[in-house]
Amino acid sequence: MNKEIPPLGAYVIDTRTDAVGQVTAHAGDLVRLRPSSGGAAWDCPVEAAEVTSLRVYLRARVLEANRMRRLV
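Residues numbered from 1 in each chain as written. Predicted model: local features only at pLDDT ≥ 70, side-chain atom pairs only at ≥ 80, totals over all residues. Heavy atoms only, no water.

For the rest of this paragraph, the subject is unusual backbone geometry. Despite not being glycine, aspartate 18 has its phi angle at roughly 65°, a positive value. By the secondary structure assignment, aspartate 18 is in the loop between β1 (11–14) and β2 (19–27). Taking relative accessible area as the criterion, aspartate 18 reaches 61% and is therefore assigned exposed. (Helix = DSSP H or I, 4+ residues; strand = E, 2+ residues; numbered from the N terminus. Buried < 20%, exposed > 50% of the residue type's maximum accessible area, 1.4 Å probe, protein only.)

Sheet analysis places β1 next to β2, joined by 4 bridges and oriented antiparallel. Looking at the pairing, isoleucine 13 lines up with valine 20 of β2. Between β1 and β2, which pair antiparallel and follow one another directly, the connecting turn spans 4 residues, one of which, aspartate 18, has a positive phi of 65°. In terms of strand pairing, β1 meets strand β5 (residues 49–51) through 3 bridges, oriented antiparallel. Residue pairing across strands places aspartate 14 opposite alanine 49, the latter belonging to β5. (Pairing = 2+ DSSP bridges.)

Moving on, we get to the pattern of salt bridges. Tallied over the full model, the rule gives 2 salt bridges. One salt bridge connects arginine 16 with aspartate 14, and the closest N-O pair in it is separated by 2.7 Å. According to the relative accessible area criterion, aspartate 14 is buried, its value standing at 0%. Note that arginine 32 is salt-bridged to aspartate 43, the shortest N-O span being 3.1 Å. Of this pair, arginine 32 sits in strand β3 (residues 30–35) while aspartate 43 sits in strand β4 (residues 42–45), and the two are 11 residues apart along the sequence. (Salt bridge = Lys/Arg side-chain N within 4 Å of Asp/Glu carboxyl O.)

This part is about the sheet that holds β1. Taken in spatial order, the 5 strands make up an open sheet running β4-β3-β2-β1-β5, and their pairing is antiparallel. Edge positions in the sheet fall to β4 and β5, since each of these pairs with one other strand and no more. Between one strand axis and the next, the sheet turns through 50° on average, direction left out of account. Pairing analysis gives 6 bridges linking β2 to β3, with the strands arranged antiparallel. Bridge pairing in β3 places histidine 26 opposite valine 31. (Axes fitted to C-alpha atoms, helices over the stretch in contact; angles between N-to-C directions.)

Pasting the structure below:
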């Protein structure tokens, strides 16, 4: 494993899907991510988890909110 495991509570980007999630658990070379907008959690390899800045996280939240508005 080349990358450090992100700390619990950190927001990361799953570089495989560009989805943003919050780290809720660690298991070996995987981190468990929970989407900020709710929904099913998923496992992400540590190598694909990129810690994000608050700015990127907030931008992802705005994009998700706008997407949800269009669905209503």
